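So the chains spell out like this:
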Amino acid sequence: MTEPHHPKTAAIIVAAGRGTRAGGEIPKQWQQLRGRQVASYTIERFLDHPRIDQVVLVMHPDDIAAGMTPDIQPHAIFSGGATRKASVLAGLEGVAQDVDRVLIHDAARPLVSKDIIDRVLDALEAYQGAAPAVAVTDTLWHGQDNLVTGLQDRAGLYRAQTPQGFHLTPLLAAHRASADDATDDVAVARAAGLDVAIVAGDEDNIKITTPGDFARAEKLMDHHMDIRCGNGYDVHRFGPGDHVWLCGVQIPHTRGLKGHSDADVGMHAVTDAIYGALGMGDIGQHFPPSDPQWKGAASHIFLEHAVALASEHGFAISNADCTLVCEYPKIGPHQPAMKAALAYIMGLDANRISVKATTSERLGFTGREEGIAAIATVTLVKS
Ligand code: MG
């Protein structure tokens, strides 16, 4: 069976504008929104989309010369031209050889959703061009010198958004043939006789233009916050020894815990909760017990790996809650040290970590003091 042809799609993110209306010392796409560059959110939205094969960023030559770099790396960066059209052309000419379709998007629209991208891509199955837009619902006036001078019929009027999608070959030909002052790719395409379909845009897909738009974008981000929760459960059996490791703290005891690593059952549960929230397996998958290099390993290696993996995927750990289930050793006196140890490894404030303990009323394997169990919950937040 041959696979159906999957069109190769590149996103061209245009970040070459000077953005003077937004205020600030640097262009708006490089200003901070929630502690990250506006452009970094935009780049990430396209990198995360499963139907986008290449993400290309077009920067202003002055920004490149000033050493500006995006926090999140696209697949390629090109130097733009003096006009928006020249910048788009630099992107169109720079995409990978096997690209069939392109999406052209403003770097200053960091809230673009997966659904809008999908709608544009779906429409490209039937049209050579497609772009999102929102129908105008406000009453439109003509005005002069602060006086209303007339009404504008809003029927058939749309507010254009990006990403605007096109089949690459006809758009590239249209761009090469068009005048240098074209500010809109849909206009360029239509001038060359290409049909451009309108797909549903989204009121939240705002373009950051004025200083007030930063606060508006932050509010919308709160609304769209990506929150993940994961759980972890682990058990280790008692064996000979004179101490146990629990949540990063060594506690003297009449026995030890058996395990391939240092058998820190609490830290293992927390680690698995992070992997669980990410949907990325468990400790056993990342650190196979069959691999001798993890024999006797300190468990902070596992936890550090899970924390780094979360951060690589844009998630911050919001909080972790771990419950140890055992009759002995008594956990209470060690709780502050355990919270501090976990907080240190996870790079968090200790008030975001909870370590609790319970007995199981002498019931079951923990009640018979055959071993210790731990359960943990972790919350991850992506903004
Ligand atoms: Mg374990």
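Basis of the calculations
Residues numbered from 1 in each chain as written. Predicted model: local features only at pLDDT ≥ 70, side-chain atom pairs only at ≥ 80, totals over all residues. Heavy atoms only, no water. Helix = DSSP H or I, 4+ residues; strand = E, 2+ residues; numbered from the N terminus. Rg over C-alpha atoms; globule rule 2.2 N^0.38 Å. Buried < 20%, exposed > 50% of the residue type's maximum accessible area, 1.4 Å probe, protein only. Contact = heavy atoms within 4.5 Å. Areas by Shrake-Rupley, 256 points an atom, 1.4 Å probe, with all protein chains shown as cover. Lys, Arg positive; Asp, Glu negative; His and termini not counted. Charge placed at Lys NZ, Arg CZ, Asp CG, Glu CD. Phe/Tyr/Trp six-rings, centres within 6.5 Å; stacked < 30°, edge-to-face > 60°. Pairing = 2+ DSSP bridges. Axes fitted to C-alpha atoms, helices over the stretch in contact; angles between N-to-C directions. Donors = N, O, S within 2.8 Å, 3.2 Å for Na, K, Ca; no water. Patch = residues over 30% accessible without salt bridge, like charges linked within 9 Å, V, L, I, M, F, W, Y side chains within 5 Å. Salt bridge = Lys/Arg side-chain N within 4 Å of Asp/Glu carboxyl O. Core = buried A, V, L, I, M, F, W, Y, C linked by side-chain atoms within 4.5 Å.

Caption draft 1: Spotlight on the overall build of the protein chain. If you tally the helices and strands in the protein chain, you get twelve helices and 19 strands. Its C-alpha atoms give the protein chain a radius of gyration of 28 Å, more than 25% over the compact-globule value 21 Å for 383 residues. Structurally, the protein chain occupies a C-alpha span of about 85 × 60 × 40 Å along its principal axes. Among the 383 residues that make up the protein chain, the fraction classed as buried is 48%. Across the protein chain, the fraction of contacts at a sequence separation of at least 24, relative to all contacts at a separation of at least 6, is 70%. For the protein chain, the accessible surface area stands at approximately 18900 Å², while carbon and sulfur atoms represent 52% of it. With 33 positive and 46 negative side-chain charges, the protein chain shows a spacing of 3 Å between the two charge centroids.

Caption draft 2: View of the packing of aromatic side chains. A complete count under the given rule lists two aromatic pairs for this structure. Ring geometry for Phe-287 versus Trp-294: centroids 4.7 Å apart, planes at 85 degrees, classification edge-to-face. This pair shows no difference in class: Phe-287 is buried, exactly as Trp-294 is. Look at Phe-287 and Phe-302: their rings are 4.6 Å apart centre to centre, the planes differ by 40 degrees, and that puts the pair in the tilted class. Of this pair, Phe-287 sits in the loop between α9 (283-286) and α10 (300-312) while Phe-302 is found in helix α10, placing the two residues 15 residues apart along the sequence. Judged by relative accessible area, Phe-287 falls into the buried class, the value being 8%. For Phe-302, a relative accessible area of 3% corresponds to the buried category.

Caption draft 3: Seen up close, the sheet that holds strand β19 (residues 371-382). Across the sheet, five strands lie side by side as β16-β13-β19-β17-β18; this open sheet has mixed pairing. The open sheet has two edge strands with one neighbour each: β16 (256-257) and β18 (353-358). Of the pairings in the sheet, the one linking strand β13 (residues 226-239) to β19 comprises twelve bridges and is antiparallel in character. If you follow Arg-237 over to β19, its bridge partner there is Gly-371. Taken strand by strand, helix α11 (residues 335-346) contacts β17 (316-325) and β18, and its axis lies near 140 degrees from that of β18.

Caption draft 4: Examining the coordination of the magnesium ion more closely. Protein coordination of the magnesium ion is provided by Asp-234 (OD), His-236 (NE2) and His-268 (ND1), with donor distances spanning 2.1 to 2.3 Å. Written as a sequence motif, the donor arrangement for the magnesium ion is D-x1-H-x31-H. His-236 shares its class with Asp-234; the two are buried.

Caption draft 5: Spotlight on a nonpolar patch on the surface. On the surface, Trp-141, Val-148 and Leu-151 cluster together to form a nonpolar patch covering roughly 400 Å² of accessible area. Topologically, Trp-141 is positioned in strand β8 (residues 140-144).

Caption draft 6: Region of the structure containing the pattern of salt bridges. Applying the stated criterion across every chain, the model contains 18 salt bridges. Glu-93 is the partner of Arg-176 in a salt bridge, and the nearest nitrogen-oxygen pair spans 3.1 Å. Taken together, the residues span a long stretch of sequence, with Arg-176 in helix α5 (residues 168-177) and Glu-93 in helix α3 (residues 84-94) at a distance of 83 residues. Classification of Arg-176 by relative accessible area gives exposed; the value is 54%. The class for Glu-93 is partly exposed, based on a relative accessible area of 45%. Among the salt bridges present, the one from Arg-216 reaches Asp-213, with a minimum N-O distance of 4.0 Å. One end of the pair is Arg-216 and the other is Asp-213, both in helix α7 (residues 212-223) and three residues apart, which spans about a single turn. Residue Arg-216 is classed as partly exposed on the basis of its relative accessible area, which comes to 43%. For Asp-213, a relative accessible area of 10% translates into the label buried.

Caption draft 7: The nonpolar core, seen in detail. Core analysis: the biggest nonpolar cluster contains 48 residues, and Leu-246, Ile-274, Leu-324 and Met-346 have the highest contact counts within it. Secondary-structure elements contributing two or more residues to this core are β14 (243-246), β15 (249-252), α8 (265-278), α10, β17, α11, β18 and β19. Among the elements that make up this core, the one with the highest residue count is α8 (nine residues). When neighbours within four sequence positions are excluded, Ile-274 is seen to be in contact with Leu-303, Ala-306, Val-307, Ala-310, Ile-317, Met-346, Val-378 and Leu-380.

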